[in-house]
Amino acid sequence: MRFFDASALVKRYVREPHSTCVRRRLRGGDVALCRLSEVEVISAFATLAREEAISAAERDRAASSWRDDADYRAAAISAVV
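Residues numbered from 1 in each chain as written. Predicted model: local features only at pLDDT ≥ 70, side-chain atom pairs only at ≥ 80, totals over all residues. Heavy atoms only, no water.

S.K.: So what exactly am I meant to see when it comes to the packing of aromatic side chains here?
M.R.: Working definition: an aromatic ring pair is given by the centre-to-centre distance plus the angle between the planes. Taken as a whole and assessed by the stated rule, the structure comprises two aromatic pairs. A centroid spacing of 6.1 Å and a plane angle of 75° characterise the contact between Tyr13 and Phe45, whose relative ring orientation is edge-to-face. One end of the pair, Tyr13, is in helix α1 (residues 6–13); the other, Phe45, is in helix α3 (residues 37–50), and 32 residues separate them in sequence. Pair check on accessibility: Tyr13 and Phe45 agree, each one buried. Aromatic pair Tyr13 and Trp66: ring centres 5.7 Å apart, planes at 85°, arrangement edge-to-face. One end of the pair, Tyr13, is in helix α1; the other, Trp66, is in helix α4 (residues 56–68), and 53 residues separate them in sequence. The exposure class of Trp66 is buried, given its relative accessible area of 2%. Aromatic ring contacts, followed pair by pair, group Tyr13, Phe45 and Trp66 into a single cluster. (Phe/Tyr/Trp six-rings, centres within 6.5 Å; stacked < 30°, edge-to-face > 60°. Helix = DSSP H or I, 4+ residues; strand = E, 2+ residues; numbered from the N terminus. Buried < 20%, exposed > 50% of the residue type's maximum accessible area, 1.4 Å probe, protein only.)

Structural data, given as structure tokens:
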């Protein structure tokens, strides 16, 4: 089982260095997430937009995709906190 923190999870939704690697690893088996990731990932999208690293439209798309993946996350979330 692999653990992914919020900084890695953001790379699934926003193109950043190593995004391809993170996406590949997320597809490759059991994943554990921290329950705090629910808030941290959305916060990271907002920070990236505020710092103009991504546009507001990109922020909104990433947040929407994150919400759409709720069932996947619910299955993956472990008691890691």
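S.K.: Sorry, what's going on with the confidence of the model for the protein chain here?
M.R.: If pLDDT is low for a region, its predicted coordinates should not be looked at in detail. Confidence along the protein chain averages 86 in pLDDT terms, with 86% of residues attaining 70 or more. Of all helices and strands in the protein chain, the one with the weakest mean pLDDT is strand β3 (residues 77–80) (51), whereas α3 scores best (95). (pLDDT = per-residue confidence, 0-100.)

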